[in-house]
Amino acid sequence: MPDTPNSAVTFARRVYIIAAIYGFLAVPALYFTDAPDPHRLLYFAFAGIALVFQGVFLVIARDPRRYAAFLPLTVFEKVSFGIPALAFWSQGQAADDMALGGAVDLVFAALFVAAWLKMRKAA
């Protein structure tokens, strides 16, 4: 079944809304964990930037056609945490919950790629 413009937009909206909801629930917990002392500022800066991106996901979800140029950037946002999180975990340098968060981000990256491709194909 070919992607119609409406089905592609609906898919993108759902994916980005779900990603934003997940992020708004998961990311604030970073502010309540014991951040490593020499890197505390970077840790909390990461959490802040991640929260900003949840807002970006909501903006994209409102009008995926208008913001289609940002879709590849959102893929990069997800893989920029997902890959290092799993790499560090595989070396015993990250906790299981960080690896789980990284895996979830890679799932969202795949969904963002699917949304991007559907939007391009339906255009």
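Since the model is a prediction, treat every value here as computed from it, not as a measurement. Each chain carries its own residue numbering, running from 1 in the direction its sequence is written. Two thresholds apply to this predicted model, a pLDDT of at least 70 for residue-level local features and 80 or more for giving and counting side-chain atom pairs, whereas whole-chain, interface and lining totals are computed over all residues. As a convention, hydrogens and water are excluded, and side-chain values are obtained from all of the structure's heavy atoms.

(A) Spatial organisation of the pattern of salt bridges. Definition used for salt bridges: Asp or Glu carboxyl oxygen within 4 Å of a side-chain nitrogen of Lys or Arg. With the rule as written, the count across this model stands at 3 salt bridges. Across the salt bridge formed by Glu77 and Lys78, the nearest N and O atoms sit 3.8 Å from each other. Close ionic contact of Asp105 with Lys78 constitutes a salt bridge, the shortest N to O distance being 3.3 Å. Residue Asp105 is found in helix H4 (residues 96–122), and its partner Lys78 is found in helix H3 (residues 71–90); the two are separated by 27 residues along the sequence. Several salt bridges converge on common partners, so that one network encompasses Glu77, Lys78 and Asp105. The secondary structure listing takes helices from DSSP runs of H or I that are at least 4 residues long and strands from runs of E that are at least 2 residues long, numbered from the N terminus.

(B) Focus on a nonpolar patch on the surface. Within the patch definition used here, like charges are joined within 9 Å and nonpolar side chains (Val, Leu, Ile, Met, Phe, Trp, Tyr) within 5 Å, considering only residues with over 30% relative accessible area and no salt bridge. Each accessible area is a Shrake-Rupley result for a 1.4 Å probe, and residues are judged covered by the shown protein chains and nothing else. Judged by side-chain polarity, Ile17, Ile21, Phe24, Leu25 and Leu58 come together as a nonpolar surface patch covering roughly 460 Å² of accessible area. With respect to the helices, strands and loops of the structure, Leu25 is situated in helix H1 (residues 5–26). A 1.4 Å probe rolled over the protein chains alone gives each residue an accessible area, and that area as a share of the maximum for its type sets the label: buried under 20%, exposed over 50%, partly exposed in between. Leu25 sits in the exposed class, given a relative accessible area of 68%.

(C) Spotlight on the side chain of Thr74. One can find Thr74 in helix H3. In this structure Thr74 comes out as buried when scored by relative accessible area, which is 1%. Two N or O atoms form a polar contact when they lie within 3.5 Å of each other; inside protein one atom must be a possible hydrogen donor and the other a possible acceptor, and for residues adjacent in sequence the pair counts only when both atoms belong to side chains. Within the local environment of Thr74, its side chain forms a polar contact with the side chain of Tyr16, the two groups lying 2.7 Å apart. A polar contact of 2.6 Å, which involves the side chain of Thr74, links it to the backbone oxygen of Leu71. Whether two residues touch is decided by their heavy atoms; if any such pair falls within 4.5 Å, the residues are in contact. Ignoring sequence-local partners within four residues, the contact set of Thr74 consists of Tyr16, Phe57, Ile60 and Phe112.

(D) Examining the nonpolar core more closely. Working definition of a nonpolar core: buried Ala, Val, Leu, Ile, Met, Phe, Trp, Tyr and Cys residues. They are joined through side-chain atoms within 4.5 Å. Ranked by internal contacts, the top residues of the largest apolar core, which has 18 residues, are Tyr16, Ala19, Phe57, Leu71, Phe112 and Met119. Looking at this core, the elements with two or more residues in it are H1, helix H2 (40–62), H3 and H4. At 7 residues, the largest contribution of residues to this core is made by H1. If we ignore the near neighbours within four places in the chain, the residues touching Phe57 are Tyr16, Ala19, Ala20, Thr74, Glu77, Lys78 and Phe112. Counting 6 residues, the second largest nonpolar core, distinct from the first, contains Leu30, Ala35, Tyr43 and Ala50.

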